[in-house]
Each structure stands twice: as structure tokens, then as C-alpha cells.
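# Survey of secondary and tertiary structure
So the chains spell out like this:
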Amino acid sequence: MSTEQEQQVTDTLERLHAADGVDAVEAIRVEALGKQGWISQLMKTLGKMSPEERQSEAPRIQGLRARVAEAVEDRKAALEAAALEERLASERLDLTLPAPQAPRGTVHPVAQVMDELAEIFADLGFAVATGPEIETDWHNFTALNMAETHPARAAHDTFYFPDRNADGYQMLLRTHTSPVQIRSMQDHGAPLRIIAPGRTYRSDSDATHTPMFHQVEGLVIDEGIHLGHLKWTLETFLKAFFERDDIVLRLRPSYFPFTEPSVEVDVGYATEGGRRVVGGDGDAPGHAWMELLGSGMVNRRVLEFAGVDPERYSGFAFGCGIDRLAMLKYGMNDLRAFFDGDARWLSHYGFGAVDQPTLSGGVGAPVGVGA
């Protein structure tokens with residue numbers, strides 16, 4: 001090794017030892033071992049030497065290169081270790097801080113209200129019944145005393161399928177959950193006490209109507225059932241659902257083919273902050289009446305269709321929209337937003353997955369707990 005090369009090696013090693021950062025070490029490495037570095041240039045001279053010279057010079061130059069490369073790696077490792085020690089000595093992890101909350105989904109208001117309904121009616125002794133969403137026209141219309149000429153049977157109101165089932169019945173998307181009442185009476189007879197929540201379908205769409213919506217219906221069949229039982233059940237249900245004791249109902253005569261007598265049920269409300277708040281007497285100052293649901297005593301022909309003896313048993317039925325109940329209780333004003341799948345809307349109006357409704361803790365949960 002020439003005196004000049006020896007001095008270059010010595011200078012390089014001294015500079016590496018004095019380097020105070022990884023960037024400085026990298027600069028020295030490039031100067032010596034980079035593509036244009038002085039050691040790399042020495043390596044290129046080997047190609048111009050005779051075989052005898054190359055045999056003697058190659059080990060020397062390779063050794064020089066190895067010394068510098070090893071010194072670079074050692075210095076870089078030492079500097080990185082020192083930086084880590086300094087960071088460990090200066091940084092502290094506060095184990096008392098709560099962990100960051102991971103993103104989580106929310107329970108849709110419709111699902112929440114369904115859980116609330118099941119909780120309330122279970123306390124009243126009702127079972128939850130379900131049935132197919134694709135129904136026969138017999139279960140959906142005929143067994144409910146709806147004549148062939150009834151407007152609800154029209155194609156512009158109901159989604160029909162082009163085919164029929166094995167028994168020759170026209171198939172359709174159910175327009176209400178009333179067929180579940182028929183199937184429950186056929187399967188279990190009387191006495192019977194059920195609610196039937198679920199999806200229903202009608203050809204309708206605006207701010208307060210959608211082609212698919214959710215409905216809950218209730219049915220009680222037993223001996224000696226009368227209209228007073230219906231009113232008490234509805235008052236008890238609505239007081240528990242809206243979590244208010246000042247719920248006042250007004251029953252108006254009406255007509256439904258599957259109940260007789262039939263009554264529309266109005267509830268008193270007041271307008272507060274631009275939204276309807278259920279509660280109070282509709283005839284009181286600042287209050288008004290709002291139609292909430294339909295109900296009545298089960299028509300004896302419906303009992304006969306379902307195989308229940310109308311001479312021995314009587315019953316009442318009621319039905320209302322689950323989506324509308326959610327809108328009234330939690331302050332929503334556009335039904336279409338329920339089915340848009342907007343994560344922002346769900347974050348605002350959704351419910352935490354562990355916030356299950358209970359009668360002791362209140363069936364409702366704070367709006368926006370998932371926000």
C-alpha cells in the first residue's frame with residue numbers, strides 16, 4: 001500500500017470516528033465506497049493491470065475496502081444505539097392514559113327500536129313471531145277478509161311475482177306483517193299473544209314513505225277479550241316506549257277489513273324546537289293530535305279463516321310503522337335517510353352495540369352514542 005493510500009485510509013477512519021451523526025457517516029461512506037469514491041476508483045484500476053500485478057494488488061485493495069466498510073458499519077451501529085438510548089431515557093409512556101378508541105360500527109335506529117319493542121312486549125307476556133316476506137295472496141289478503149276488489153290488491157300498490165306457488169296462489173312481497181298473525185293462529189291456535197315485527201313492501205316513495213319499510217303488529221286472542229284490553233295495552237306500550245307517563249290516547253272509529261270494530265289511535269303531542277314531541281293531551285293549549293297507529297277487534301271472519309272458533313275466542317290487533325316510531329322518538333325527519341347507508345348519518349343517530357334496552361334502565365339509549 002502506498003503512503004498516500006495509507007494516509008487516505010487513516011484520514012477516513014479518523015473522520016468516521018469523529019462523525020456525530022448517521023448522515024455524516026453516510027457522506028463519508030459515499031466519498032470512499034460510492035460509485036465515484038476513491039476506493040471504488042482503485043478497484044477499477046485492477047482491470048488495467050497485468051495478471052501478475054492484479055494477483056498482488058487485488059487482495060490489498062480488497063482488504064482496504066473491507067476495513068473502511070467495516071468501520072462505516074461499526075460507527076453507524078454505535079450512533080444508532082446511542083440515539084436509541086437517548087430516546088429511551090427521554091421518552092415516557094403514560095400507562096394511565098386510556099387507549100385510543102378503535103373505530104366501531106353502530107346499531108341502526110330501526111334495529112334499536114325493534115329491540116325496544118321486544119323488551120317492552122316481553123314484559124307484557126308477548127312472544128315475537130316471524131314469517132316469510134314472500135307471501136301468498138291468500139295469507140296477505142284473503143285470510144284477512146280483503147275482497148278481490150280491495151284497492152290494496154292493485155298492482156300499483158303491491159309488488160307481485162309473475163309465478164304462483166304449488167297450490168296455485170299468487171306470490172307477492174307482503175304489504176304488512178298481518179300474514180304472520182294468520183300463520184301463528186294456524187300453527188298455535190288460541191289463546192295467543194304475539195307481536196310481529198319485520199320488513200314490508202309497498203309501491204310508494206316520498207319523504208315519509210319508502211318501497212320497503214318496517215312494521216310491527218300485535219295480536220291477542222283469548223276468551224273475553226274486549227276493547228278495554230286493547231286501550232290499556234297500547235297506553236302501557238307507548239308510555240314505556242316514549243318513556244313518559246303523560247301519554248294520552250284518542251280512539252276514533254275507523255274501518256279495516258280485518259277488524260270490527262276498528263279504531264284509529266291518535267296521540268297527543270307538542271312541537272318543540274321544530275320537532276314533534278309525543279306527550280300530553282292533544283286538546284291542551286299548545287298541543288295537537290297525531291294519528292299513530294291502527295287497531296281494532298279481530299274480525300270473526302279472520303278468526304274463521306285462521307281456524308279459531310269465533311264463538312269461544314275474541315281478540316284485538318294493532319299495527320304501526322317501526323320507522324315512524326324511530327323518527328318520532330329520536331327526532332329524524334326524512335325516512336329515506338334510514339336506507340341511504342350514509343356512515344355520517346349512522347354515526348349521528350346510531351346506537352352502541354352494548355347499549356341494550358331494558359325496562360329498568362330505560363328502553364331508549366342516548367342518540368349518537370356511536371359518534
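This section reports on the structure supplied with the text. (Residues numbered from 1 in each chain as written. Predicted model: local features only at pLDDT ≥ 70, side-chain atom pairs only at ≥ 80, totals over all residues. Heavy atoms only, no water.)

What follows deals with the packing of helix α5 (residues 109–123) against helix α10 (residues 322–330). Where α5 contacts α10, the axes come no closer than 9 Å and their chain directions differ by 95°. Of the possible angle classes, the one that applies to α5 and α10 is roughly perpendicular. Of α10, the residues touching α5 (which contributes P109, V110, V113, M114, E116 and L117) are I322, D323, L325, A326, K329 and Y330. Looking at the contact of α5 with α10 residue by residue, the classes come out as nine nonpolar, no polar and three charged. (Axes fitted to C-alpha atoms, helices over the stretch in contact; angles between N-to-C directions. Helix = DSSP H or I, 4+ residues; strand = E, 2+ residues; numbered from the N terminus. Parallel < 35°, antiparallel > 145°, perpendicular 65-115°, else oblique. Contact = heavy atoms within 4.5 Å. Nonpolar A, V, L, I, M, F, W, Y, C, P; charged D, E, K, R; others polar.)

Attention shifts here to the side chain of N299. The residue N299 is located in the loop between β10 (287–298) and α9 (300–305) in this model. In contact with N299, other than residues within four places in its own chain, are N145, P257, F258, T259 and E260.

One number sums up the size of the largest pocket: a volume of about 1400 Å³. Taken together, 50 residues line the largest pocket, and the ones lying closest to its centre are R202, Q215, C320, G321 and R324. Here the element with the most residues in the lining of the largest pocket is β10; it accounts for eight residues. Counted by class, the lining of the largest pocket contains 19 nonpolar, 21 polar and 10 charged residues. R193, V220, I225, T233 and F316 are the residues nearest the centre of the second largest pocket, which is lined by 13 residues in total. Of all the secondary-structure elements, those providing two or more residues to the lining of the second largest pocket are β5 (192–201), β6 (212–222) and α8 (227–242). (1 Å grid on protein atoms, 1.4 Å probe; cavity = no way out; pocket = protein on both sides within 12 Å on 5 of 7 lines; lining within 4 Å. Points joined across faces, edges and corners; volume = space filled by probe spheres on them.)

A cis amide bond links A190 with the next residue in sequence, P191, at an omega value of 0°. With respect to the secondary-structure elements, P191 resides in the loop between α7 (178–188) and β5. The omega torsion of the bond from E260 to P261 falls at 0°, within 30 degrees of zero and hence cis. The residue N145 is not glycine, and still its phi comes out positive at about 65°. Phi at E243 takes a positive value of approximately 55°, unusual for a residue other than glycine.

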